[in-house]
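For reference, the chains in residue letters:
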Amino acid sequence: MSHPPRRPGLVAAVLLILSLVVTGPAFAQSKYASIVIDAGTGEVLYRANADDPKYPASLTKMMTLYLTFEALEKKRIKLGQSLTVSRKAASQPPTKLNLKAGQRIKVEHAILGLVTKSANDAAMVLAEGIGGSEGRFATMMNQKARRLGMARTQYRNPSGLPDERQVSTARDVATLATALIRDFPKYYPYFSRASFTYRGIEYPNHNRLMASYDGMDGLKTGYIRASGFNLAASAVRQGRRLIAVVMGGDTPAWRDAHLAELLDQGFATPRTPKARAAPLMASLRAPATPNRKPDYVDASAVEVASLEEVVDSSDLATLAATVTASSDVSTDTALGLPTDKPASGPAAKSAVGPWGIQVGAFGDAAAGRRALDSVSRRLPSLLASANPQMIPVTTGGGRLFRARLMGLDEATARSVCASLTRAGEDCIMIGPQGL
């Protein structure tokens, strides 16, 4: 991965040290982060700074589109429905479709404007049309992020325009990409559109790899000065889907070349045998670095493991704090919360597989427990061996509890998530590697 430029001589070394002292954390905190995951297993194939907060820029629009697709699925809006462009939407800075206040635009055209042109005015139209206002839509975005397990993400607007409080991580963006592909197979093909013509103007897709990388079928680019050049992308080869995220690229060309290298390395990495229950990280050497480098990346933050049992350092606290219900102590009791009933039924059964599901991330542990109990009661035959877990995590917005049912085999986890999704509820699969 990238390192500071090497300058021979003692003077250069002294200057470098002085620059670190003067600029402090601002210099050491690179814009760069990346991650590659196997979408079918949740296995992390490569990561660098994957849990460090970064500015998502227009990758934010992935969540705007997630909520748009969800509104379509629940028939709150229709593709052919026309939405009115407000003055606020029309006043959004470029990039944009140059919509005018009072004009009307179809939902489908706004979607395509986001996917291809990354249009900020279209993003605001959808946000106001679905949420009623930008503020209410941002609240919806954050609520959905929590439910998807994006614990380190905070949204403030639907477009990704600069806001120092709007942050995400490479891992959270990969989680969102996974959810888009999994939850909306009907609408995901929008991300494959090479271009979009609106009012006589053709807008090509900003993701140039769509035309040059074998198997790529979406997702989204992003850029603001504070973030550098970002890209979340997915590709399929021989039935295997990988998702890669690169944040903080120096140039679009560097970002694209680097992400392509990461995907190439990922596809060259054999799948981890599903029979192994321990968390695994597949072998993946660091790819050759293109000539153009992003900001400094601390080598200690780049993690590449051989095929062996490892524990992701970012999950150490999570693993230590995981609460597993036993035959005489409920999850709430183990968390120090009052309860008047012992764990029984699904909560007391032994785990039988390395897979699981997450039904949300809650600010209140008791609410998470109720959600787990509700799912377990509704699907007793599928979740008879499930092991409930409430995983506390600390975010910039406070403490959250990830509500999970673990100890399932892959088929059961998929079946449960499919059932919950059909019922209009959120569910994310947790593979052996975790998310």
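These numbers come from a predicted model, not from an experiment.

Q: Help me get a handle on the overall build of the protein chain, residues and values and all.
A: From N to C terminus, the protein chain includes 13 helices and 16 strands. Here the protein chain, with 435 residues, has 54% of them falling under the buried criterion. Taking the contacts inside the protein chain whose residues are at least 6 apart along the sequence as the reference set, 66% of them involve residues at least 24 apart. Approximately 18,600 Å² of the protein chain is accessible, and the part contributed by carbon and sulfur atoms is 54%.

Q: So what's going on with the packing of aromatic side chains? Residues and values would help.
A: For the coordinates displayed, the defined rule picks out 11 aromatic pairs. Look at Tyr-187 and Tyr-190: their rings are 6.5 Å apart centre to centre, the planes differ by 5 degrees, and that puts the pair in the stacked class. The exposure class of Tyr-190 is buried, given its relative accessible area of 11%. With 4.2 Å between their ring centres and 20 degrees between their planes, Tyr-223 and Phe-229 make a pair best called stacked. The structure contains a cluster of three or more aromatic residues connected by ring pairs, namely Tyr-66, Phe-69, Phe-184, Tyr-187, Tyr-188, Tyr-190 and Phe-191.

Q: So, the pattern of salt bridges: which residues are in play, and what are the values?
A: One pass over the full model with this rule turns up 14 salt bridges. Put simply, Asp-183 and Arg-182 hold a salt bridge, and the shortest N to O gap is 2.6 Å. Taken together, the shared-partner salt bridges connect Asp-38, Arg-240 and Arg-271 into one network.

Q: If you had to explain the pairing of strand 1 (residues 33–38) to someone new, which residues and values would you point to?
A: The element strand 1 is largely enclosed, with a buried count of 6 among its 6 residues. Burial along strand 1 is two-sided: Ala-33, Ile-35 and Ile-37 and Ser-34, Val-36 and Asp-38, pointing in opposite directions, are all buried. As paired elements, strand 1 and strand 9 (residues 240–249) share 6 bridges and run antiparallel to each other. Pairing of Ser-34 across the sheet is with Val-246, part of strand 9. In this sheet, strand 2 (residues 44–48) lies alongside strand 1 in antiparallel orientation, the contact comprising 4 bridges. Directly across from Ile-37, in strand 2, lies its bridge partner Val-44. Between strand 1 and strand 2, which pair antiparallel one after the other, the connecting turn spans 5 residues, and Gly-42 there sits at a positive phi close to 80 degrees.

Q: Any details on the packing of helix 3 (residues 61–73) against helix 7 (residues 134–148)? Residues and values, ideally.
A: When two helices pack together, their arrangement is given by the angle between their axes and by how far apart the axes lie. Following both chains from N to C, one finds helix 3 and helix 7 inclined at 90 degrees, their axes separated by 10 Å at the closest point. Put simply, helix 3 runs roughly perpendicular to helix 7. In this structure, helix 3 uses Met-63, Thr-64, Tyr-66, Leu-67 and Glu-70 to contact helix 7, whose residues at the interface are Phe-137, Met-140, Met-141, Lys-144, Ala-145 and Leu-148. Split into classes, the residues belonging to the contact of helix 3 with helix 7 amount to 8 nonpolar, 1 polar and 2 charged.

Q: Requested: an account of the nonpolar core, with residues and values cited.
A: The biggest cluster of nonpolar side chains holds 63 residues, and the ones touching the most others in it are Met-62, Met-63, Phe-69, Leu-97 and Leu-176. Apart from the residues within four sequence positions on either side, Leu-97 is in contact with Ile-105, Gly-113, Lys-117, Ala-119, Asp-121, Ala-122, Phe-196, Tyr-198 and Tyr-203. By size, the runner-up hydrophobic cluster in this structure holds 22 residues, among which are Trp-355, Leu-372, Leu-408 and Met-429.

Q: Describe in detail helix 7, supporting the description with residues and values.
A: Compared with the 21 Å implied by 1.5 Å per residue over 15 residues, the 21 Å span of helix 7 between its first and last C-alpha is a close match. All of the buried residues in helix 7 are Glu-134, Phe-137, Ala-138, Met-141, Asn-142, Lys-144, Ala-145, Arg-146 and Leu-148. Phi turns positive, to about 90 degrees, at Gly-149, one or two residues after helix 7.

Q: Quick rundown of the environment of Arg-399? Include the residues and the values.
A: The topology assignment puts Arg-399 in strand 15 (residues 398–408). As for Arg-399 and Ala-365, which are separated by 34 residues in sequence, their C-alpha atoms are 9.7 Å apart.

Q: Can you explain the environment of Asp-426? Please cite residues and give values.
A: Its place among the elements puts Asp-426 in the loop between helix 13 (410–422) and strand 16 (428–430). Separated by 278 residues in the primary sequence, Asp-426 and Leu-148 place their C-alpha atoms 7.3 Å from one another. Sequence-distant contacts of Asp-426, that is, excluding residues within four places in its chain, are made with Tyr-66, Glu-70, Lys-144, Arg-147, Gln-358, Val-359 and Leu-420.

Q: Explain the packing of helix 3 against helix 6 (residues 120–131) to me, and be specific about the residues and the numbers.
A: Two elements in contact, helix 3 and helix 6, have axes whose closest approach is 10 Å; the angle formed by their N-to-C orientations is 40 degrees. Judged on the interaxial angle alone, helix 6 and helix 3 are oblique. Both helix 3 and helix 6 take part in a crossing whose hand is left-handed. Seen from helix 3, the contacting residues are Lys-61, Thr-64, Leu-67, Thr-68 and Ala-71; seen from helix 6, they are Asn-120, Ala-123, Leu-126 and Ile-130. Of the residues assigned to the contact of helix 3 with helix 6, the class counts are 5 nonpolar, 3 polar and 1 charged.

Q: Describe the confidence of the model for the protein chain, naming the residues involved and giving the relevant values.
A: Confidence in the prediction for the protein chain averages 76 pLDDT; 73% of positions are at 70 or higher. This model gives residues 1–29 a pLDDT under 50, and the stretch forms 24 contacts once residues within four places in sequence are excluded. Taken together, the stretch residues 275–351 has pLDDT below 50 and engages in 167 contacts with residues farther than four places along the chain or on a different chain.

Q: Go over the side chain of Ser-30, please, and point to the residues and values.
A: Residue position: Ser-30 is located in the loop between helix 2 (25–28) and strand 1. Taking the relative accessible area as the measure of exposure, Ser-30 reaches 4% and is therefore buried. Polar contacts involving the side chain of Ser-30 include one to the main-chain amide nitrogen of Tyr-32, which spans 2.8 Å.

Scoring rules and cut-offs
Every chain is numbered on its own, with residues counted from 1 as its sequence reads. In keeping with the predicted nature of the model, local features appear solely for residues at pLDDT of at least 70, side-chain atom pairs appear and are counted solely at 80 or more, and the whole-chain, interface and lining totals rest on all residues. The basis for every side-chain value is the complete set of non-hydrogen atoms in the structure, without hydrogens or water. Strands are runs of DSSP state E lasting at least 2 residues, helices are runs of H or I lasting at least 4, and numbering of each runs from the N terminus. Residue exposure (1.4 Å probe, protein chains only): buried if accessible area is under 20% of the type maximum, exposed if over 50%, otherwise partly exposed. Two residues form a contact once any of their heavy atoms are found within 4.5 Å. Here the accessible surface of atoms and residues is derived via Shrake-Rupley with a 1.4 Å probe, and residues count as covered only by protein chains that are part of the display. We call Phe, Tyr and Trp rings a pair once their centres come within 6.5 Å, taking the six-membered ring for Trp, and we label the pair stacked below 30 degrees between planes, edge-to-face above 60, and tilted otherwise. Salt bridge, as used here: a side-chain nitrogen of Lys or Arg that lies within 4 Å of a carboxyl oxygen of Asp or Glu. For two strands to pair, DSSP has to find at least two bridges joining them. Note on method: axes are straight lines fitted to C-alpha atoms, helices fitted across the in-contact stretch only, with angles between N-to-C directions ranging 0 to 180 degrees. Oblique is the label for every angle not falling under 35 degrees (roughly parallel), over 145 degrees (roughly antiparallel), or within 65 to 115 degrees (roughly perpendicular). Each residue receives one of three labels: charged for Asp, Glu, Lys and Arg, nonpolar for Ala, Val, Leu, Ile, Met, Phe, Trp, Tyr, Cys and Pro, and polar for the others, Gly being one of them. The term nonpolar core refers to a set of buried residues drawn from Ala, Val, Leu, Ile, Met, Phe, Trp, Tyr and Cys, joined through side-chain atoms within 4.5 Å. Helix span, expected: 1.5 Å multiplied by one less than the number of residues in the helix. In a left-handed crossing the near helix is turned counterclockwise from the far helix by less than a right angle, and in a right-handed crossing that turn is clockwise. Scored between 0 and 100, pLDDT is the confidence that the predictor attaches to each residue. For this analysis, a polar contact is any N or O atom pair within 3.5 Å, provided that within protein one partner can donate a hydrogen and the other can accept it, and provided that sequence-adjacent residues contribute only side-chain to side-chain pairs.

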